[in-house]
Amino acid sequence: MKRIMGLDYGDRRIGVAISDVFGWTAQGLEVIERRRDGGELDRIAELVKEHEVGEVVVGLPKNMNGTIGPRGEICMEFASTLRESLSLPVHLWDERLSTVSAERTLLEADVSRKKRKQVVDKMAASLILQNYLDSKR
């Protein structure tokens, strides 16, 4: 049984989440800092091997009216780069409110701003992946 990886692709960081072996639950794994040299792809490939990942889900930010803007196009490009470099199925998943939702949850839990910054991307990746997993049931 292969795991599924969820990615929240941001301007500066990539939140990473991973499913359990049954594909039921998503757990935040880590946050990868984006680098000019594209080193984040190597880290993702390491995680894919380490956790025996069989497919990847990348959050696709859409505008509220459902259209895809510049951010969405960047994510689509990233997904196709991943597809080529990992030779795995890569799905795009509508993530319109995942970061907002993660922020709200952390605010409600009274997590400090500094801590929120470190956790929000990982949490957004978990939400993207969890929503994807739930949709497959």
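Draft legend 1. Molecular detail of unusual backbone geometry. Residue glutamate 52 is not a glycine yet carries a positive backbone phi of 50 degrees. Along the polypeptide, glutamate 52 turns up in the loop between helix 1 (39-50) and strand 4 (53-60). The backbone phi angle of serine 87 is positive, close to 50 degrees, even though this residue is not glycine. With respect to the helices and strands, the residue serine 87 is situated in the loop between helix 2 (70-86) and strand 5 (90-94).

Draft legend 2. Here's a closer look at the layout of surface pockets. Estimated volume of the largest pocket: approximately 460 Å³. In this structure, the largest pocket is lined by 19 residues; those nearest its centre are Asp8, Arg13, Thr99, Val120 and Asp121. Looking at the lining of the largest pocket, the elements that each hand over two or more residues are strand 1 (3-9), helix 3 (98-108) and helix 4 (113-136). A total of 5 residues in the lining of the largest pocket trace back to one element, the largest contributor, which is helix 4. By residue class, the composition of the lining of the largest pocket is 4 nonpolar, 2 polar and 13 charged.

Draft legend 3. Inspection of the environment of glycine 39 at higher detail. Looking at the secondary structure, you find glycine 39 in helix 1. Under the relative-accessibility criterion, glycine 39 is labelled buried at 6%.

Draft legend 4. Representation of helix 3 in the model. All buried positions along helix 3 are accounted for by Ser98, Ala102 and Leu106. Seen from one end, helix 3 has its buried residues packed into an arc of 70 degrees, which puts them on one side. Structural note: helix 3 exposes Leu107 and Glu108 on the side pointing more than 90 degrees away from its buried face. At the exit of helix 3 stands aspartate 110, carrying a positive phi of roughly 60 degrees.

Draft legend 5. Expanded view of the pairing of strand 4. Most of strand 4 is tucked away: 8 of the 8 residues are buried. Alignment of strand 1 against strand 4, held across 5 bridges, turns out to be parallel. Across the sheet, leucine 7 pairs through a bridge with valine 58, a residue of strand 4. Running through helix 2, the crossover from strand 4 to the neighbouring parallel element strand 5 is right-handed.

Draft legend 6. Looking closely at the packing of aromatic side chains. The final tally for this structure, using the stated rule, is 3 aromatic pairs. Between tyrosine 9 and phenylalanine 78, the aromatic rings sit 3.8 Å apart at their centres with planes inclined by 15 degrees, giving stacked as the arrangement. Of this pair, tyrosine 9 sits in strand 1 while phenylalanine 78 sits in helix 2; the two residues are 69 residues apart in sequence, bridging distant segments of the chain. A centroid spacing of 5.5 Å and a plane angle of 85 degrees characterise the contact between tryptophan 93 and tyrosine 132, whose relative ring orientation is edge-to-face. Placement of the pair is tryptophan 93 in strand 5 and tyrosine 132 in helix 4, with a sequence separation of 39 residues. We classify tyrosine 132 as buried; its relative accessible area is 6%.

Conventions and cut-offs
- Here, residues in each chain are numbered from 1, in the same order as that chain's written sequence.
- Local features in a predicted model are, by the rule used here, given only for residues with pLDDT of at least 70; side-chain atom pairs are given and counted only at 80 or more, and totals for whole chains, interfaces and linings are based on all residues.
- Values shown for side chains rest on all heavy atoms present in the structure; no hydrogens or waters enter the calculation.
- Numbering of helices and strands runs from the N terminus; a helix is a DSSP stretch of H or I covering at least four residues, while a strand is a stretch of E covering at least two.
- Space inside and on the surface of the protein is sampled on a 1 Å grid over the protein atoms alone, with a cavity defined as a set of points where a 1.4 Å probe fits but cannot get out and a pocket as an open set with protein on both sides within 12 Å along at least 5 of 7 lines; lining residues have an atom within 4 Å of a point.
- Grid points are joined across faces, edges and corners, and a volume is the space filled by probe spheres set on the points.
- Each residue is assigned to one class: nonpolar for Ala, Val, Leu, Ile, Met, Phe, Trp, Tyr, Cys and Pro, charged for Asp, Glu, Lys and Arg, and polar for all the others, Gly among them.
- The classification of residues rests on relative accessible area computed with a 1.4 Å probe and restricted to protein chains. Under 20% of the type maximum is buried, over 50% is exposed, and intermediate values are partly exposed.
- To obtain the arc, one takes the directions from the helix axis to the C-beta atoms.
- Pairing between two strands requires that DSSP report at least two bridges joining them.
- A clockwise path from the first strand over the helix to the second, with the strands pointing away from the viewer, defines a right-handed crossover.
- Stacked, edge-to-face and tilted are the three classes for Phe, Tyr and Trp ring pairs, Trp counted by its six-membered ring, which pair at centre distances within 6.5 Å; planes under 30 degrees apart are stacked, over 60 edge-to-face, the rest tilted.

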